[in-house]
Structure formats: C-alpha cells, structure tokens
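A look at the structure
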Amino acid sequence: MYAFLPRELPEQLSSLTELALNLRWTWNHALDGLWKAIDPELWERTHNPWMILQNASQQCLDELCRDATFSQKLAHAIQEHRRYLEDTCWYAQQHTASDSARIAYFSMEFGLSEAFPLYAGGLGVLAGDYLKTASDMGVPILGVGLLYQEGYFRQNIDAGGRQHEAYPYNDPTSLPIQPTIGNEGAWLKIVLELPGRTLYVRVWQAIVGRTRLYLLDSNDLRNGAGDRGITAKLYGGGSEMRLLQEVVLGIGGWAVLDALGLDVDVCHLNEGHAALLVLERARRFMHKMDTSFWEAWWATRAGNVFTTHTPVAAGFDSFSPTLIGKYARDYLDDCHISLRELLALGRRDPADDDEPFNMAFLALRGCAQCNAVSRLHGEVSRRLFSDLYPRWPLEEIPVGHVTNGVHVPSWDSVWSDHLWTSTCGKERWLGTVESLPGTVSNSDDMALWTMAAEQRRDLVHYTRSRLAWHLGQRGESAQQVEEAAQVLDPNCLTLGFARRFTDYKRPNLLLHDPERLTRLLTDEHHPVQLIIAGKAHPNDEQGKQLIQAWMEFVHRPNLRRHVVFLEDYDIELAQHLVQGVDVWINTPRRPWEACGTSGMKVLVNGGLNLSELDGWWAEAYQPACGWAIGGDAPSDDMADAERLYSLLEAEVVPTFYTRDTQGIPRGWVQRMRASMSQLGPQFSSNRMFLEYQDRYYQPAIQAFRLRSKDKAELARALHAWQKAVATGWDKIHFGTVDAKHDGDRLHISVPVYLGEIAAEWVRVELYCALCDEHPAECLPMNSVGPITGAIQGYIFSITVAATRPADHYTPRVRAWRPDAFLPAENALIAWQR
Ligand SMILES: *Cc1c(COP(=O)(O)O)cnc(C)c1O
C-alpha cells in the first residue's frame, strides 16, 4: 500500500501511518491529542504527525502499545476517519456516476499547512483551501503542483529590525507525502525532452482527505546539477529558471495525469503559471484522436478554465521570444505549427514580432472561460485584457468573476467551532451553506462575548511564546526573553495586521502619524494593542524598509507591551491571529488588491474587518458588519490614514469599551453576530466552489465532451468555421441604416453584405452603449430577405421600444455559433460605424 515506509510500526499502531499520511489533520483537530501524547515538544514545533511517527523511540511505541486509553482513542479515530472517507458526500448526492467529472487544479503553490511549506502567500493558501473544500464536499478535484526542496524563504529579523532570509531544506522523507507509483509498479518519473538533454521529473503524492495532490520535483540523480535545482525555490531564480518550472508544472503536470490514466474533463489554472498545460493537453489530444493541432486546441480549450489573480499587467509572467524558441523546437515539429503561431498565442498583438510571450495571454487564449477573483477585480481585468478583444465594448470582454472564499474549518478556533456546532451542527461545512446565516444568528450575546474573550486570551498566550522563541533564536538575553511573557493584555482591544510588506498593501498606513497611533495604543482607560506580521520579498528593499520602520516603532520603550511584531508570517501564525483578534485591518491601495482572503478568515471567529474598499471588502462591506476606508476613487494615502485613525478613535474603541451592567459591549456583539452570520457563509470556499461548479465547470464539461465525441467531429467543424470566417471577414460591410418611428416603436433596418461568409456563421446585432439612465443593450436582428442583385447580401431588421434616440443604436456583425464560447474563442466583430 505504501511506496516506502521509513519505519515499521507495531501492529496495534499501524493505523497511525494512515492517519499521518492523510493531511486531513491540517483541519481536523480531533487527533491532535494523540500526536501530542507521543512527543509533546516535537508536536509543538512541527505540527507534523509524520515527523512524530518517524522520531518516536521504540520504547515510546512499546509504551503506547500497552496504553489502553491510547489504543481506544486510536481505534475511535481511525473509525471516524474511515467514515469521513466513505460516507456519501454532498457531491455524490447531486451527481450520478455518468455526469460526474474529473477536475484537475494546477497551481504553482499549495498552502495546506506550515508543516508542508509549498506556498508563498495568498495564492497558495487559496489553492490549499480549495483542495480541502473539495475533500469535504466530495468533489472529484485533484491538485497538481511542484515539490520545492526549499520553498519560499523563512524570515528572521535582527536586532536592528532588518529582515534576513533563510531557506531550510524540505527533506521529502519528513513531509507527509509518498512517491507516486505508476502503472508499471515503480516510482513514476516523467521524462521531458529539453534542448540537448532529458529531464527526469519525480512524482509524489499527498493525500488531502478524499483528494490527491500530485507534486513534481526535478531533484533526480540522473539530471545535471542545474536541472536538479529547477524545483528548489518558489519564485527564485531568473527568467529561464521560471520558464523551466512552468514547463515542469504545465507540461510535466499534464503528463502525470496521462501516465496515471486519469481522464480529466476540466483543467483549472490557478493563475497563469501553469498555462503551458493548454499546449500539452492539445498536443496529446491531437495524437490520441488523430486531429490537427488546431482542431485539438478547439476541443480541449472548452475544458480549460483560467483564474487570473493579478490586477496589474506587470504581475504577469512573460518570457523573451528567443527563450521560448529555444525550448519549443521539438514541440513545434511535432505539432506542425510555426514558432510565430506559437508566440502569437502569448502576445497582445499577434502580429508584433517584438512582443514577449505572456503566460496570462496564453492562458486566456487556451481557456474557453476566464474569471477574476472579486467583482472589482473583474472590472479591472476586463480593462487589462481588453486589447485581446479589439473593438469589443468593455462590459463584453469575456472575463467574469468568482470571489474567493476560505475553507472555514481551517481557520476557526476551538471556541468558535463549539459555538457553530451548537447552532448549526457538525456537518455545516460539508455542503451548501444557505441555511447557516439564519441559524448561527441565534447565538446569544453572552456566548459570543465569552468566545471572543477565550480566543483573545489564547492569542495573547501564543504571541508571548512565539515572541519569546524568536528572541531566543536571535540570542537575546534571558531578561528580554522573560519580558516577552509580559507583553499584551488579554482584556484589551486587539488589532491584527499581517500581510506581505509590499508598497501597494500600504503596510505603513497605520504608522502614518506615529504619535497619534501611540496615543491610541496607550490610552489609560481604553487601551488598544496591535499584533503585526509580514514578509517582504527578498529583492524588495523598500518592503524591507517598511518592516524596519515598524520595528523601530515596536521597540519604543512605552509601546513594548502594546505592540508586537511577530516574525515569519505563515499559516500557523495566520490561524492564531484570525482566531484571536477583535479587528482585522487591511489597507491596500485600491484597486490593487485582487481579492484578499485574510480578512475572510476572521469572520467565523467573530472578528470584525476595518478595511479599504478594495478586493472582496468592496462587495462585502455593510455598516452593520464592520468599517471601511476609501471609496470608489483610487486611494489617497493622506485621506485614508486620517479616516483610519478617526474610525478607530471615534467608533471602534468606544463601541468595544461601552459595556452594560453585565460587562457586555452590546453594540460590539451585535456587529460580531452580523458579520459572522451574514458574511461568514458567503465568503466560505463552499460558496466559491458552487459558483465554479455551476458557472464554469458544468459548461466546460459539457462542451469538452460534446467536442471530443465522434472523433472530435464538432471540434473539427468549429475549427473549419473559424478559418472560414477569418478569411472573409474584412469583406463584410454595411449599407445605410434606416430608422423609422411608428408611435412608441422604432423600426431599424440595415443592409449587410457578407461576401464569402454564410449567414448562419454570423449574428447581426443592434448594440447600444450604456448611457445616462439607459443600460447597455444588445439585440439580435433578423434577416427579412436578400438584397436584390447582391450575393450574400441581406436586409436585417428589428423593432424596439422607442425609449432612446435612434442614433444611440449601432448595428454590428459578429462571428457566431451557439456551441462556441464567445467572444472568448472567436472575437471577430464588425461595426456599422
Ligand atoms: C490568508 C493568507 C494570506 C493571504 O492574505 P491577504 O493578505 O489577504 O492576501 C497570505 N499569507 C498567509 C500565511 C495566509 O494565511
């Protein structure tokens, strides 16, 4: 069953292996006591059951075998675990075997646990949360990613407040993973042909509840020293190294699915890093179905979904044409396409030979559907990608949005878990969540306020011990380490602020006026405390200076007890923070935060948000649930800082400290309840998954299957259609528009000359842009007959209610088929003017 087991366990304990190798322990804490019982110290440091098993002494194992209580607990645990795996899940209740589909989720990062560090930040945490949700809901999603030998850097801060980076080695044998066994019964290795050499890629797997995560790594002894390092660092190395990582992820990743015989309907690209997979998927389809490359492209594209995460063009990966040319040689021969055709897929303007090759553009062209990660980010992305759809109105650019969500059981505290269980039951996050707001809002004030107090106390204790540990690591004096045990106050209003230290996140907005912040923190009657964390990218000198500025502030003698900077922001720290803070602060510069998820993690625990109206908060904010700074316009630092301070002084602090005779701040608790119940379920990954399922996966599955069947007949027809319309498109032209009023109706007709293009290959529409009180409109026009003496010339007409002037309307012709995703797959359009 296991590919290699570093050690043999006594028979009675053998089920510990099954439990340790299933990452469900990252969100189900029922077993924490078992692992802690084996080795409390190692558990405290690693939270990695697989490490605990490997390091347990024989004597310890023998004792556990004799320990009846432990055996009983273990028997119970394994029973519960198998029930979780085998019970009929939400997805199985909705789908029969035949309409069930397999979805592969490709991501450069997966943030499942700090014990499994394959992530840098939000993108990875989202991917980890998504796999956990798939497991809980029983959705057949599998993950594909890279196994980094070093991952992202770990942060140390010296006594002078400077960040230093460390890259501890991820020993694969201490990670909760196993080699993937291929169909030949041996460790699966993928072979990729690179210029002049062969790259061997090892394949690992992690079990995440009911789902699997496949991880690729290039550290095979047969590879050259340089190639062995391809999967060393996450976001390290230069451009060529990044391209090689993306080759391993996209091309190698698809090869893994093929080698394991996993038939996948939908490929979901979490950001553009894995975009090369769209080429590999098409290439393999081409060979399997004996089509041309472009026919295969039409078939497979229907099954690809691209989620974009960046709000700025500079955030997209792009590569020089020479570099792409170097690695694409064999590929082009095999697919019978030219380098220019390939490069065109990654260019804004396909005809511009100087343009670099952009992975987001490739993803957009290779995926029939694309979405952004919040409503506001949808608007920003449509603008960002508009050049790829020339002459299309902004609102019709084919980029939708699915606002991110968080896997709630990964972020709730034991206290909030109790509270939610008592109102909504144990199964609350295993399916749809519509009924939750109503039920959780029944919890009473006393219960909510007690929960907040327990959570805050836990956070204060955690902060003290983490701070003491870091001070010890830095070699500080015993006295300083002891002082760490005195910081913070479990009854004090606690603000949390943790994020990447990069300019657009404005981590120092709160520090805009240090004296005003000091007064706020040290108020004699209504004190406030602040916990901060965050890393700056190793090359981001400005980000490092922002950290240093905070460190100087933190070290002021009068503030030592009120404000703490915790080093090395990671998932574990994030969990403690979001469980214990009263208010979570986020101050990005609008509209640069694509979504942001950290603020969603406090919702389940009754934490309140005070944030810029950017990303998710721009659509979530309601006065009853939290506080907002900024507005519709791009952010103004001065105005935002002023608003931030005045909100804290005039609203947040007074609401928190206004207590009734029972000591309860009723106004605060009311907000906690509103935020938990109204926003918690809405910003859960359950809601997010359901939106992907209904709006993206279902259409993708149907279209991909339809296009592939009967030797890909439909895909071939679609490709032929595209070629035919493209060839004749420039000849399309219009005659003069005729508009006649008839009472409250308006008749509009226009002669359209289609040249070589058949009328059923296009659609003629009447378009009207958004203007004043009128929304944008687009109405299909019908042919009322041929134009005498013209080949393929027709009169098209329509009657509309005469609510706006006739010259608001413009006829247009677009390439059209009901079975294509448009305009994503064919953006040809001609306007009458
Ligand atoms: C949730 C999370 C993030 C993402 O947070 P945002 O600042 O909201 O983008 C980053 N890092 C860690 C460790 C997280 O848990």
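Residues numbered from 1 in each chain as written. Predicted model: local features only at pLDDT ≥ 70, side-chain atom pairs only at ≥ 80, totals over all residues. Heavy atoms only, no water.

The cut-off we apply is this: UniProt positions are given in the numbering used here, feature names are shortened, and annotations may be inferred rather than shown by experiment.
For the protein, an unreviewed UniProt entry supplies the name Alpha-glucan family phosphorylase and the organism Pseudomonas aestuarii. Listed under Sequence similarities (unreviewed entry) in UniProt, the entry text for the protein is "Belongs to the glycogen phosphorylase family." The heading Catalytic activity (unreviewed entry) in the UniProt record of the protein holds the text "[(1->4)-alpha-D-glucosyl](n) + phosphate = [(1->4)-alpha-D-glucosyl](n-1) + alpha-D-glucose 1-phosphate".

**Digging into the overall build of the protein**
The criterion, for reference: Strands are runs of DSSP state E lasting at least 2 residues, helices are runs of H or I lasting at least 4, and numbering of each runs from the N terminus. Radius of gyration here uses only the C-alpha atoms, and the compact-globule reference equals 2.2 Å multiplied by the residue count raised to the power 0.38. The rule is simple: take the accessible area with a 1.4 Å probe, protein chains only, and divide by the maximum for that residue type; under 20% is buried, over 50% is exposed, in between is partly exposed. Under the convention used here, a 1.4 Å probe and the Shrake-Rupley method define accessible areas, while residue burial counts only the protein chains that appear.
Within the protein, the secondary structure is distributed over 28 helices and 31 strands. Compactness check: the protein gives a C-alpha radius of gyration of 29 Å against a globular reference of 28 Å for 833 residues, within 12% of the reference. Across its three principal directions, the C-alpha atoms of the protein cover 95 × 65 × 50 Å. A buried classification covers 59% of the 833 residues belonging to the protein. Taken as a whole, the protein presents about 33000 Å² of accessible surface, with 51% of it coming from carbon and sulfur.

**Some thoughts on the side chain of Gln-455**
Where we set the bar: Two residues qualify as a contact provided that any one of their heavy atoms is within 4.5 Å of a heavy atom in the partner residue.
By the secondary structure assignment, Gln-455 is in helix H19 (residues 445-473). For Gln-455, a relative accessible area of 4% puts it in the buried group. Leave out the neighbours within four places in its chain, and Gln-455 touches Ser-413, Trp-415, Ser-416, Gln-579, Gly-580 and Asn-605.

**Notes on the environment of Ala-830**
Looking at the secondary structure, you find Ala-830 in strand S31 (residues 829-831). The buried category is assigned to Ala-830, whose relative accessible area is 13%. Distance from Ala-830 to Leu-215, taken between C-alpha atoms, is 46 Å for residues 615 residues apart in sequence. Among residues more than four places away in sequence, those in contact with Ala-830 are Trp-729, Ile-732, Phe-734, Arg-812 and Val-813.

**Focus: the sheet that holds strand S18 (residues 528-533)**
Stated formally: Criterion used throughout: strands pair if DSSP finds at least two bridges between them. Each axis is a line fitted through C-alpha atoms, taken for helices only over the stretch in contact, and angles between the N-to-C directions span 0 to 180 degrees.
Strand order in the open sheet made by the six strands is S19-S18-S17-S20-S21-S22, with parallel pairing throughout. For this open sheet the edge positions go to strand S19 (563-566) and strand S22 (626-629), each flanked by a neighbour on one side alone. Between one strand axis and the next, the sheet turns by 20° as a mean value, whatever way the strands run. Bridge count between strand S17 (residues 493-498) and S18: six bridges; the pairing is parallel. Note on S18: the bridge partner recorded for Thr-494 is Gln-529. Where H19 meets the sheet, it contacts S17, S18 and S19, and its direction lies at approximately 60° from that of S19. Packing of helix H27 (residues 666-679) onto the sheet brings it into contact with S17, strand S20 (583-586), strand S21 (608-612) and S22, and relative to S21 it is tilted by some 75°.

**Digging into helix H22 (residues 541-554)**
Put simply, the rule is: To estimate the expected span of a helix, count its residues, drop one, and scale the result by 1.5 Å.
Between its terminal C-alpha atoms H22 stretches 20 Å, which fits the 20 Å expected from 14 residues at 1.5 Å a residue. Looking at H22, one finds that the buried residues are Gly-543, Lys-544, Leu-546, Ile-547, Gln-548, Trp-550, Met-551, Phe-553 and Val-554. Summarising the contacts, the buried residues of H22 are in contact with strand S5 (154-157), strand S6 (163-166), helix H21 (514-521), S18 and S19.

**Quick notes on the state of the cysteines**
This is how it is decided: Throughout, disulfides are identified as pairs of cysteine sulfur atoms within 2.5 Å of each other.
One pass over the structure, following the stated rule, counts zero disulfides. As a non-bridged cysteine, Cys-595 has Cys-370 as the owner of its nearest cysteine sulfur, 15 Å distant. The cysteine Cys-778 is free of any disulfide, with Cys-768 supplying the nearest cysteine sulfur at 10.0 Å. You can call Cys-778 partly exposed: its relative accessible area is 32%.

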